[in-house]
Structures are given as C-alpha cells and as structure tokens.
Amino acid sequence: MKILVTGGTGYIGSHTVVELLTEGHEVTILDNLSNSDKRVVDRIEAITGVRPDFEEGDIRNKDTLDKLFSDTAYDAVIHFAGLKAVGESVQKPLMYYENNIAGTVNLLKSMGEHGCKNIIFSSSATVYGTPAFVPITEECPKGTCTNPYGWTKSMIEQIMTDLCISDKEWNAVLLRYFNPIGAHESGMIGENPNGIPNNLMPYVTQVAVGRLKELGVFGNDYNTHDGTGVRDYIHVVDLAIGHVKALSKLKAGSGLSVYNLGTGQGYSVLDIVKNFEEATGVKIPYVIKPRRAGDIDECYADPSKAEKELGWKAERGIKEMCADSWRWQKNNPNGYDD
Ligand code: NAD
Ligand code: WQD
C-alpha cells in the first residue's frame, strides 16, 4: 500500500516506518521536524535498505497537504503528528489545541477532498482518565482528562467518530497506546526528548548514561504492590507492528474501530528500576519525591480485542524493552547529534 505517515520522523513514527518498509509498503513521511531530526530518514534507510520519501511540512498547511494528495493516490494515512508534552500543554493550551486539533481537521479535510478516507490515529490510554476499572478494555468509559494534551486526543477521537458516522466511506482506526518504551534493536533509532525528560524510561537511561544524577520516584504511597505507580509499558517495535496489522481494518465498510495497544502487564516504577539494572548491569540511583500532579495509581490494558481482531499481540518483554532503550541511549548519548 501507499502510506502517508505524518510525524514519521518522531519516536513511534520512525519505528512504524521501518516496519512498513520491511513489509513492502511505500511510505511518504510528512513532518515539520518540530520534535524530530531529519537524520532519522538516513537511519531508517540504513536499517531497511529503503529510503522513504520525506516531505518537510506542517499538517496545519492545507496547501502542503493538497499537493501531497494530488501528486500521489495514498491508500491510507497513519497520523502520528502532534505535540505530546503533558506539562507544556497545561502552560500553552492553545498551542496544543491548534497544532493537534486544527492540524488534524485540516488533514481530514484534505484527505476527504482527495478521496483518501482511511486513517489510523495515535490515541492514548490517557483518554480513559482515571480508569473506571483495570485491566482497561475498550468498553471502559472515557474519563475526565487531567490536561489539554489528553483532551486533544479525546476530542480528535470524537471528531473521527463523527466523521465515520457522517460518511460511510471513511474508515478510522483509533489506537490507544499505553506506555511506549524501548527502541529498534539496531540501536540506530529511539526516543530523543528535548531537554529534561518527562517520561520515566528516558529519564532512567539519561541517569544511566551520566547526563542526570538520579531518578526522582514520584510518590511511594500509591495503592499498588510497592506504593509506586503502575503502568503498562510496551516495546515501541511491538507498537509499530500493531499499526501495520491495523492496516487490515481499513477496508470498505469497516467504519470506526478502537483498539488498546498494551501488553496487559503492569510494572511499578521500582519494578522498572530493578529490571533495567538487571538487564543492563547499570545501577540507577533514585530518591523518593512527592507525587506528580495528575498521576494515577495504576493503568494497564486488556489487549485481547487487538489479538482477536487484528492478530496482534505484544511479544517483547520488559528486559528486552530495558536493554533496547539502553542500547539506543548508550550508542547515541546526545541523540542524533553525534
Ligand atoms: P514525537 O514527538 O517523537 O513524534 C511526533 C512527530 O510529529 C514529531 O516528529 C514532530 O516533529 C511531528 N509534528 C508535530 N506537530 C506537527 C505538525 N503540526 N506538522 C507536522 N509534523 C508535526 O512523539 P511520539 O512519542 O512518536 O508520538 C507520536 C504520536 O503518538 C503523538 O500523536 C503522540 O501524542 C501519540 N502518543 C504518544 C505516546 C508516548 O508516550 N510517546 C503515548 C500515546 C500517544
Ligand atoms: C510513568 C510512571 C510516574 C518520571 C505519560 C502521559 C500519557 C502518555 C504516556 C501520551 C508514573 C513515574 C515518571 C519520573 C517517576 N503519553 N515517574 N519519575 O505519566 O504514565 O504517561 O506518557 O499519550 O498521556 O501522561 O508516563 O513515563 O511520565 O510516568 O517516578 O521522572 O513513572 O509518576 O508513575 P505516564 P511517565
């Protein structure tokens, strides 16, 4: 298939492009490089032996989109482009609503006008808010998000739902990711956050590589087995493969589908520290800090719907996730700047 991947030089996008190319799909990446590096395209080529087309541009620019869709009859779009920093979204809500929501509406309009009505969207377990129950199934009611970033995901899901109701030619797959970590086993692509990382695994790997002194563990009085927060960490390559499998749902008449992409297994912050140390032999000093605003006790998926309907199941375990995150960080201590 011919696939347009928005946000394709980013963390999850780049791993998905690798899997798409490996399966023989033709890929164009559209990315404005606001949170990624063009050298990712070279790395993707080095891994797969195929160079994806790359267009530097913004999903908010309708002319850019119209030109892409006029030049090529894409079978589908995989839509990763978006801003994702939770704390920043609280400080700059309009920037998030504009980039994520206005950008997505723009994309959907251009797609519709050019007859490309198949889309896979990067949603998030954040749409469940404080989940009504765990493990979380897709039937779990969506909740109150604690930040504008989360609301952009929830609102875009609603926009795509309404679009599929209004026009039966549209097929949309909403993939609700749990906590992606890890990196391609080559160690050539991986997560490359700007500044001090907000998320747990990049913080851990930067402590391991000596860029940061120690990990702050945000709270040890949660209602979990050791008091620290429990999440469903999923290897980014498993997540990427989930997108390739989801392409099979983009058939005439499918309409809207929703899947959790997680492993079904929860790990606490201290479990992650322990597994990282065991997998890499590197010690992670940590201190207990107060809770972080908006955090919940535990969040993990029931991923059985994706297995039943897409034939997809996460295969990579926590040790592999830790080892692969570490290989990427160790080989690229300054990201793509080496
Ligand atoms: P990322 O920041 O690495 O990738 C996003 C990419 O989109 C970047 O390359 C960025 O430059 C690009 N981009 C942003 N705004 C754009 C615009 N207006 N036009 C064109 N390109 C633009 O993030 P990621 O971790 O790879 O996440 C990919 C998607 O998955 C995002 O939509 C994110 O919200 C979602 N998601 C991520 C996580 C996670 O924990 N990483 C979890 C759930 C959902
Ligand atoms: C995991 C656990 C922290 C950092 C976020 C977004 C969510 C989704 C994925 C996009 C929690 C603890 C963390 C640190 C710590 N993104 N922690 N010290 O909060 O589950 O999810 O990323 O959709 O929307 O909210 O992930 O990696 O930030 O935290 O103790 O320095 O690690 O308290 O228990 P989270 P995370």
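In this report, the structure presented in the accompanying data block is examined. Because the structure is a prediction, the values reported are computed rather than measured.

What follows covers the overall build of the protein chain. Each helix and strand counted, the protein chain has eleven helices and 14 strands in total. What you see for the protein chain is a C-alpha radius of gyration of 19 Å, in line with the 20 Å of a compact globule of 338 residues. Counting only C-alpha atoms and orienting by the principal axes, one finds that the protein chain spans roughly 55 × 45 × 40 Å. Looking at the 338 residues of the protein chain, the share that counts as buried comes to 54%. Taking the intrachain contacts of the protein chain between residues at least 6 apart in sequence as the baseline, contacts between residues at least 24 apart amount to 79%.

Attention now moves to the site of ligand 1. Around ligand 1 sit 27 residues, and of these Ile12, Asp31, Asn35, Ser36 and Tyr149 come closest. Between ligand 1 and Ser34 there is a distance of 3.1 Å, counted from an oxygen atom to a backbone nitrogen or oxygen. Between ligand 1 and Tyr149 there is a distance of 2.6 Å, counted from an oxygen atom to a side-chain nitrogen or oxygen. Relative to its unbound accessible surface of 820 Å², ligand 1 loses 95% to contact with the protein. Sorting the residues of the shell around ligand 1 by element identifies α1 (11-22), β5 (118-124) and α6 (148-166) as the ones contributing at least two each.

A few words now on the site of ligand 2. The local shell around ligand 2 holds 19 residues, among which Ser124, Tyr149, Gly216, Arg231 and Asp295 are the closest. Side-chain polar atom of Asn179 to an oxygen atom of ligand 2: 3.0 Å apart, as the coordinates give it. Arg231 places a side-chain nitrogen or oxygen 2.6 Å from an oxygen atom of ligand 2. Relative to its unbound accessible area of 680 Å², ligand 2 is 86% covered by the protein chains. Mapped onto the shell around ligand 2, the elements with two or more residues apiece are α7 (200-208) and β8 (215-218). When residues of the shell around ligand 2 are assigned to their parent elements, the largest contribution, four residues, is made by β8. Grouping the amino acids of the shell around ligand 2 by side-chain chemistry returns nine nonpolar, seven polar and three charged.

The end-to-end C-alpha separation of helix α11 (residues 318-331) is 20 Å, in line with the 20 Å expected for 14 residues at 1.5 Å each. Of all the residues in α11, the buried ones are Ile318, Met321, Cys322, Asp324, Ser325, Trp326, Trp328 and Gln329. On its buried face, α11 sits against α2 (39-48), β7 (179-181), α7, β10 (233-235), β12 (267-268) and α9 (269-280).

For the rest of this paragraph, the subject is the sheet that holds strand β14 (residues 298-299). Taken in spatial order, the three strands of this open sheet run β12-β9-β14, and their pairing is mixed. Either end of the sheet is taken by a strand with one partner, and the two such strands are β12 and β14. As paired elements, strand β9 (residues 230-231) and β14 share two bridges and run parallel to each other. The residue bridging Val230 from the neighbouring strand is Glu298, located in β14.

Quick look at the nonpolar core now. One finds Leu20, Ile120, Leu175, Leu247 and Leu261 to be the most contacted residues of the largest nonpolar core, which totals 37 residues. Looking at which element gives the most residues to this core, the answer is α1, with six residues. In contact with Leu261, not counting residues within four places along its chain, are Leu175, Arg176, Tyr177, Phe178, Ile234, Leu239, Gly242, His243, Ala306 and Trp312. Counting residues in each nonpolar core, the second largest holds 23 residues, with Leu4, Leu65, Phe69 and Ile156 among its members.

This next bit is on the environment of Asp31. Within the secondary structure layout, Asp31 lies in strand β2 (residues 26-31). Along the primary structure Asp31 and Val209 are separated by 178 residues, whereas in three dimensions their C-alpha atoms are 29 Å apart. Non-local contacts of Asp31, meaning those with residues more than four positions away in its chain, are made with Gly7, Gly8, Thr9, Gly10, Ser36, Phe54, Glu55, Glu56 and Gly57. Separated by 2.9 Å, the side chains of Asp31 and Thr9 make a polar contact. Only 3.3 Å separates the side chain of Asp31 from the side chain of Ser36, close enough to count as a polar contact.

It is worth spelling out the pattern of salt bridges at this point. Using the criterion set out here, one finds 25 salt bridges in the structure. Between Glu277 and Lys283 there is a salt bridge, with its nearest N and O atoms 3.4 Å apart. Exposure remark for Lys283: the relative accessible area of 64% places this residue in the exposed category. Here the salt bridges do not stand alone but share partners, grouping Asp37, Arg39 and Asp337 into one network.

A word on unusual backbone geometry. Backbone torsion omega between Val134 and Pro135 reads -10 degrees, so that peptide bond is classified as cis. Mapped onto the fold, Pro135 is located in the loop between β5 and α6. Phi at Leu33 takes a positive value of approximately 60 degrees, unusual for a residue other than glycine. By the secondary structure assignment, Leu33 is in the loop between β2 and α2.

Cut-off values and rules
- Residues numbered from 1 in each chain as written.
- Chains lettered and ligands numbered in written order.
- Predicted model: local features only at pLDDT ≥ 70, side-chain atom pairs only at ≥ 80, totals over all residues.
- Heavy atoms only, no water.
- Helix = DSSP H or I, 4+ residues; strand = E, 2+ residues; numbered from the N terminus.
- Rg over C-alpha atoms; globule rule 2.2 N^0.38 Å.
- Buried < 20%, exposed > 50% of the residue type's maximum accessible area, 1.4 Å probe, protein only.
- Contact = heavy atoms within 4.5 Å.
- Near = heavy atom within 4 Å.
- Polar contact = N/O pair within 3.5 Å; in protein donor to acceptor, adjacent residues only side chain to side chain.
- Areas by Shrake-Rupley, 256 points an atom, 1.4 Å probe, with all protein chains shown as cover.
- Nonpolar A, V, L, I, M, F, W, Y, C, P; charged D, E, K, R; others polar.
- Expected span 1.5 Å × (residues − 1).
- Pairing = 2+ DSSP bridges.
- Core = buried A, V, L, I, M, F, W, Y, C linked by side-chain atoms within 4.5 Å.
- Salt bridge = Lys/Arg side-chain N within 4 Å of Asp/Glu carboxyl O.

Function-wise, these values are silent; they only describe arrangement.
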